[in-house]
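# Structural overview for review
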Amino acid sequence: MSMYSTLEEAIDAAREEFLANHPELEEGDASISQFGLQKYVMQDGDIMWQAEFLAEEGETGECLPYRSGEAAQAIFDADFDEVELRQEWLAENTLHEWDDGEFQLEPPLDTEEGEAAAQEWEDDNSDSDRGYS
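A quick note: this is a predicted structure, and the numbers were derived from the prediction, not measured.

A few words on the packing of aromatic side chains. The description of an aromatic ring pair rests on the distance of the ring centres and on the angle between the ring planes. Within the structure shown, the criterion is met by 7 aromatic pairs. Look at Phe-35 and Tyr-66: their rings are 6.5 Å apart centre to centre, the planes differ by 65°, and that puts the pair in the edge-to-face class. Of the two residues, Phe-35 sits in strand β1 (residues 34-41) while Tyr-66 sits in strand β3 (residues 64-68), which places them 31 residues apart along the sequence. Aromatic pair Phe-53 and Phe-76: ring centres 5.0 Å apart, planes at 85°, arrangement edge-to-face. Here Phe-76 lies in helix α2 (residues 69-76) and Phe-53 lies in strand β2 (residues 47-54), a separation of 23 residues in the sequence. Among the aromatic residues, ring-to-ring pairing joins Phe-18, Phe-35, Trp-49, Phe-53, Tyr-66, Phe-76 and Trp-89 into one connected group. The ring of Phe-76 carries Arg-15 above its face, with NZ or CZ at 5.8 Å from the centroid.

Calculation criteria
Residues numbered from 1 in each chain as written. Predicted model: local features only at pLDDT ≥ 70, side-chain atom pairs only at ≥ 80, totals over all residues. Heavy atoms only, no water. Phe/Tyr/Trp six-rings, centres within 6.5 Å; stacked < 30°, edge-to-face > 60°. Helix = DSSP H or I, 4+ residues; strand = E, 2+ residues; numbered from the N terminus. Lys NZ or Arg CZ within 6 Å of the ring centre and 35° of its normal.

Here it is, written out as structure tokens:
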């Protein structure tokens, strides 16, 4: 699963991936039970998004379960407010890149480097939650 610089791109890619994994379905016939989402802060401060649609509620995916039932279906059908999705994202669920390709909810605080990263992440996360990237 890939990460995207905008939430819209992530949702579009998730829709395309769901349909590719279910070739028997037409876009209008897809029945979505769960929408998963994950926000990342990269080492360079960029915000990235990952999204997925699942046919069965409770199905395990790579992202955090974010919406289910009719709300998940509405996102699949592109009937949603992107700003609202971003605003409702909980900052404590954001993953931060620690090493290349390694992500954590918080940096380790037992080193000077970790403490410095924690301060940067706190600053970056505050800014990213107000922005629309």
